Amino acid sequence: MSGALRRRFLLLYGTQKGQSQAIAEEISQQAEQYGFVADVVSLKDVNTFSLENEKDPVVFVISTTGTGDPPDAALKFVKTIRNKELPDDHFVHLRYGLLALGDSEYTYFCNGGKVVDQRLEELGAKHFYDTGYADDCVGLEMVVDPWIKGLWDALDREFLCRAGSTKTIKVSNDATNGNKNIMEVPGNLDLHLQTMSLEGEPGTNGTSLNKAVSDAGSIEHSLVHSVPPLCQCSLNIPALPPPFLDAVILDSVAKGTDLRRLHPEDEMFSVPIRQAKRLTTKDAVKTTLMLELDIANTTIDLQPGDSFSIVCPNPPGEVTDLIDKLGLSDKKDRQVHLTVKSGTKKRGAVVPGYIPENCSLESLLTWCLEIRAAPKKAFLRALADCTSDAAEKRRLLELCSKQGGSDYNGFIRDRAISVLDLLNTFPSCRPPLDLLVEHLPKLQPRSYSAASSTLFHPGKLFFLFNVMSFEACSGRTLPRKGVCTGWLADLARGYVEESEPAAITGGEPQITMFMRPSTLFRLPPDSSVPMIMVGPGTGIAPYIGFLQHRETQRRQKQECVFGDTWLFFGCRSHQKDYLFREELRRFVENGTLTRLEVSFSREPPGTTNDRGPKYVQDNLRLFSRDVVRILTKENGCFYVCGDAKNMAQDVNTALVDILCAELGVDKLEAMKTLASLKSERRYLQDIWG
Ligand code: 2AM
């Protein structure tokens, strides 16, 4: 554990009539008694603090004005954090607590604080203490005083954990399962683990990280040493909050659901699918499809490197089965009316804003809720309460118990169990609809990288995806496809059996989508800058856009200088899943691509490529001298696209090794070089998973 601790926190207030300021001053005074130092700053002085660089915990006290606006003094700050260009992980380093002030006489109670809270969370910041909502109507002090009292314990815990945060924890874990689920570890421990450096022990067949974490007994000694004792006490599953929603099914038949209501903040487009093509052979393990969207009649300004999101429905069969399981088959088309339960103790309880008012039961389950989401432990406990059979109830409780960590992962997560699968497995469980609305998250649009350039294909947007599939298991008798990829594959069915792209004629399916323009993952503006692109599998998508763009530019502006352009692609076999083989060959032949290196991970023995490098990073190592030259001497750019969990990390490790070997520097120095490449926007990632 580190030595003396600097127990400073930043205390930001946004005040209209001085109440937040007074409370902030009160907090600051008390802080001294508890051994903390508060730096008190008004949110209006946006230039005097920088959340981007803030390392200490941050406490906000924010008033509400008008019917629910942030105070004038905080408007500039709110505008800054609302900038749509900010990446999702902009504030991932930030830990904060927030006290919102408001008046429940007004419609949007405490909304000044809520908008800040919500946006900080969207940008990756994490609470170290629950938000307080103080009501001027009944007296602010009713909430303010206990909230401040609790703040000191929360700050104590936060600083204790920071004390252990510099250590590397070695957890004996299953190397493949590795750090996969750190974010979902129950209780408070996830908060601490996220701030620590985790190191698995490749090759050990020990318990998985999740088991280690959920079951204190199996945490390796080094974890016990480096985590302050208090953190080990926080392994309990959070108490189950009482239900807060009422879902009443009205007699009236609902009108159609407007998808735009689900994503009001985005500009939605409805576009036809014009062509579909299978890029892998029929006997390949994964099926990769490419679809062509017609964007000619839209205002979309597609740039290579951009992504977009597709609004997809849940599979109709599953929706029907779920409605059946809820005992509501006769009410599919009826309007669902949601209200907050009167007398609920849940602070800030609201009907989720993404559920349209005039929504049918079927639309609710088709378009609004992620019915495939792995049920969290709190949901399991709530479901146990609705289960009449004693054995089933016991099993559900076992799964969500403190001891059931690995059982939960094995039973629920690893097999991608959904609430419907659970209701099939536990037939005496009959939850009310409101429980599903409370516990299932919002159905998320799925994002894909564009795989084309409009310079090359005007008015078109191509993209590719692997059709996801999940095996049958208890609770579902048939294998299941991914929600969006399965839906898209169905839309394109009948058109993808040909090797040539098949035009879809008559009744072309439409999809609803919105753009997610990239801020960083773009071609270097100066075409003479050399670039290295790494993307196995469908990670090749944005590079096809890049290369088509460059190919057209080369044709159009002969006089331009084009820097070295390298592509490291990886697939399993030459025959089955070598995506864009012909197009890549053309890029090489016409000089758009100066170097193409392909690795094959599962080429049968005896074939041409079976002894070559297995993965993209193995190939990178073979060209380490060129990689270092391009990045350090020629100011080149390095792009990585594809799987975040394994590939992107392995590529990063390879880069560190390459820099160490070629420059004769140690690991730390190599990591610093990569960090500066990142900050210079020359090491760019478009990764998922
Ligand atoms: P696989 O045979 O092990 O699945 C596209 O999916 C390609 O990426 C496949 O050849 C796949 O190999 C490979 N791949 C899998 N894990 C990888 C990793 N950690 N790093 C790089 N490539 C990987």
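Since the model is a prediction, treat every value here as computed from it, not as a measurement. (Residues numbered from 1 in each chain as written. Predicted model: local features only at pLDDT ≥ 70, side-chain atom pairs only at ≥ 80, totals over all residues. Heavy atoms only, no water.)

K.L.:
Quick question: what am I supposed to make of the overall build of the protein here?
P.N.:
Counting its secondary structure elements, the protein contains 23 helices and 25 strands. Residues counted as buried form 51% of the 689 residues belonging to the protein. Expressed as a percentage of contacts within the protein between residues at least 6 apart in sequence, the contacts between residues at least 24 apart total 78%. Working note: accessible area of the protein is about 32,200 Å², and carbon and sulfur atoms make up 49% of it. (Helix = DSSP H or I, 4+ residues; strand = E, 2+ residues; numbered from the N terminus. Buried < 20%, exposed > 50% of the residue type's maximum accessible area, 1.4 Å probe, protein only. Contact = heavy atoms within 4.5 Å. Areas by Shrake-Rupley, 256 points an atom, 1.4 Å probe, with all protein chains shown as cover.)

K.L.:
Is there a simple way to explain helix 13 (residues 390-399) in this structure?
P.N.:
If you check which residues of helix 13 are buried, you get E392, L396 and L399. Along the axis of helix 13, the buried residues cluster in a sector spanning 60 degrees; they form a single face. Across helix 13 from its buried face, at more than 90 degrees, point the exposed residues A390 and R394. Sitting at the amino-terminal end of helix 13 is D389, which places a side-chain oxygen 3.0 Å from the backbone nitrogen of A391. (Arc of directions from axis to C-beta. Polar contact = N/O pair within 3.5 Å; in protein donor to acceptor, adjacent residues only side chain to side chain.)

K.L.:
Is there a simple way to think about the site of the ligand in this case?
P.N.:
R572, S601, R602, Y615 and D650 are the nearest of the 13 residues found near the ligand. Note that an oxygen atom of the ligand is positioned 2.6 Å from one of the side-chain N or O atoms of R602. In this structure, a nitrogen atom belonging to the ligand sits 3.0 Å away from a side-chain N or O atom of Q617. Across the complex, the protein chains shield 82% of the 480 Å² of accessible surface that the ligand would expose by itself. Contributing elements (two or more residues each) for the shell around the ligand: strand 22 (565-571) and helix 22 (647-663). Taken together, the residues of the shell around the ligand break down into four nonpolar, five polar and four charged. (Near = heavy atom within 4 Å. Nonpolar A, V, L, I, M, F, W, Y, C, P; charged D, E, K, R; others polar.)

K.L.:
Help me out: how do you make sense of the sheet that holds strand 14 (residues 359-360) in this one?
P.N.:
Hydrogen bonds along the backbone pair up the strands of a sheet, which may run parallel or antiparallel. The strand order across the open sheet formed by three strands is 9-13-14, and the pairing between neighbours is antiparallel. At either margin of the open sheet sits one strand with a lone partner, and together these are strand 9 (245-253) and strand 14. Two elements, strand 9 and strand 13 (residues 334-340), share six bridges in a ladder whose sense is antiparallel. When the bridges of strand 13 are listed, D246 appears paired with T339. (Pairing = 2+ DSSP bridges.)

K.L.:
Which parts of the structure should I look at to understand the packing of helix 18 (residues 541-556) against helix 19 (residues 581-589)?
P.N.:
Any two packed helices are characterised by the angle at which their axes cross and by the distance between the axes. Helix 19 packs onto helix 18 with a crossing angle of 40 degrees between their chain directions and a minimal axis gap of 11 Å. Compared by their axis directions, helix 18 and helix 19 come out oblique. Crossing angle aside, the handedness with which helix 18 passes helix 19 is left-handed. In this structure, helix 18 contributes I544, L547, Q548 and E551 to the contact, and helix 19 contributes E583, L584, R586 and F587. Looking at the contact of helix 18 with helix 19 residue by residue, the class counts come to four nonpolar, one polar and three charged. (Axes fitted to C-alpha atoms, helices over the stretch in contact; angles between N-to-C directions. Parallel < 35°, antiparallel > 145°, perpendicular 65-115°, else oblique. Left-handed = near helix turned anticlockwise from the far one by under 90°.)

K.L.:
Teacher, can you tell me more about the confidence of the model for the protein here?
P.N.:
Low pLDDT marks stretches whose predicted atomic positions should not be read closely. With 84% of its residues at a pLDDT of at least 70, the protein reaches an overall mean of 84. Every residue in residues 165-239 is under pLDDT 50, and counting partners more than four places away or in other chains gives 127 contacts. Scoring the predicted complex yields pTM 0.69 and, for the interface, ipTM 0.97. (pLDDT = per-residue confidence, 0-100.)

K.L.:
Hey, could you run me through the packing of helix 10 (residues 316-325) against helix 11 (residues 361-368) in this one?
P.N.:
At their nearest, the axes of helix 10 and helix 11 sit 10 Å apart, and the two run at 130 degrees to each other. The angle between helix 10 and helix 11 falls in the class oblique. Like other packed secondary-structure pairs, helix 10 and helix 11 cross with a definite hand, here right-handed. Residue-level inspection shows V319, L322 and I323 of helix 10 in contact with helix 11, the latter providing L361, E362, L365 and T366. A per-class count over the contact of helix 10 with helix 11 returns five nonpolar, one polar and one charged.

K.L.:
Can you help me understand the sheet that holds strand 21 (residues 531-534) in this one?
P.N.:
An order of 23-22-21-24-25 is seen for the five strands of this open sheet, with the pairing classed as parallel. Each of the sheet's edge strands pairs with one partner strand only, and the pair in question is strand 23 (595-600) and strand 25 (683-688). Between one strand and the next, the sheet's axes are offset by a mean angle of 10 degrees, whatever the strand orientation. Packed on one face of the sheet, helix 18 meets strand 21, strand 22, strand 24 (637-643) and strand 25 and runs near 145 degrees to strand 21.

K.L.:
Help me out: how do you make sense of the side chain of R119 in this one?
P.N.:
Along the chain, R119 falls in helix 3 (residues 111-122). Reaching out from R119, the side chain makes a polar contact with the backbone oxygen of N83 at a distance of 3.1 Å. Apart from the residues lying within four places of it in its own chain, the contact partners of R119 are I81, R82, N83, K84 and L86.

K.L.:
When you look at the state of the cysteines in this model, what are you seeing that I'm missing?
P.N.:
Every disulfide links exactly two cysteines, by a covalent bond between their sulfur atoms. Counted by the stated rule, this structure contains zero disulfides. Here C368 stays free of any disulfide, with the sulfur of C359 as its closest cysteine sulfur at 4.3 Å. (Disulfide = S-S within 2.5 Å.)

K.L.:
Can you help me understand the pairing of strand 1 (residues 8-14) in this one?
P.N.:
Looking along a regular strand, one sees side chains alternate from face to face of the sheet. Strand 1 sits mainly inside the fold: seven of its seven residues count as buried. Side chains of strand 1 alternate between two faces, with R8, L10, L12 and G14 and F9, L11 and Y13 buried alike. The pairing of strand 1 with strand 2 (residues 37-42) spans six bridges and is classified as parallel. Residue pairing in the sheet places F9 in a bridge with A38 of strand 2. This β-α-β element, strand 1 to helix 1 (residues 19-33) to strand 2, shows right-handed connectivity. Sheet topology places strand 1 next to strand 3 (residues 58-62); five bridges connect them, and they run parallel. Residue L11 lies in a different strand from strand 3, and its bridge partner there is V59. (Right-handed = clockwise from strand over helix to strand, strands pointing away.)

K.L.:
What exactly am I supposed to notice about the packing of aromatic side chains here?
P.N.:
Here a ring pair, both rings aromatic, is described through the centre-centre distance and the interplanar angle of the planes. What the rule picks out here adds up to 25 aromatic pairs. Centre to centre, the rings of F546 and Y639 are 5.3 Å apart; their planes meet at 70 degrees, and the pair counts as edge-to-face. With F546 in helix 18 and Y639 in strand 24, this pair connects stretches of sequence that are 93 residues apart. Using a relative accessible area of 0% as the deciding quantity, one classes F546 as buried. When its relative accessible area of 0% is taken as the criterion, Y639 is described as buried. One aromatic cluster is present, built from ring pairs that chain together F9, Y34, F36, W152 and F159. Of note, R586 hangs over the ring of F587, and the distance from its end group to the ring centre comes to 5.1 Å. Stacked on the ring of W566, the Lys or Arg R595 has its end atom at 5.5 Å from the ring centre. (Phe/Tyr/Trp six-rings, centres within 6.5 Å; stacked < 30°, edge-to-face > 60°. Lys NZ or Arg CZ within 6 Å of the ring centre and 35° of its normal.)

K.L.:
Please clarify how helix 21 (residues 624-633) should be interpreted in this entry.
P.N.:
A turn of α-helix holds 3.6 residues, and therefore any two residues three or four places apart point the same way. By the burial criterion, the buried members of helix 21 are S624, V627, V628, I630 and L631. End-on, the buried residues of helix 21 take up no more than an arc of 165 degrees, which puts them together on one face. Exposed residues on helix 21 whose side chains face more than 90 degrees from its buried face are R625 and K633. Turning to helix 21, the residues buried within the fold contact strand 21, strand 22, helix 20 (616-622), strand 24, helix 22 and helix 23 (667-679). The positive-phi residue at the C-terminal boundary of helix 21 is N635, with phi of around 55 degrees.

K.L.:
Is there a simple way to think about a negative patch on the surface in this case?
P.N.:
Taken together, the side chains of E26, D136, E141 and D145 define an acidic patch exposed on the protein surface. Structurally, the position occupied by D145 is in helix 4 (residues 141-164). (Patch = residues over 30% accessible without salt bridge, like charges linked within 9 Å, V, L, I, M, F, W, Y side chains within 5 Å. Salt bridge = Lys/Arg side-chain N within 4 Å of Asp/Glu carboxyl O. Lys, Arg positive; Asp, Glu negative; His and termini not counted. Charge placed at Lys NZ, Arg CZ, Asp CG, Glu CD.)

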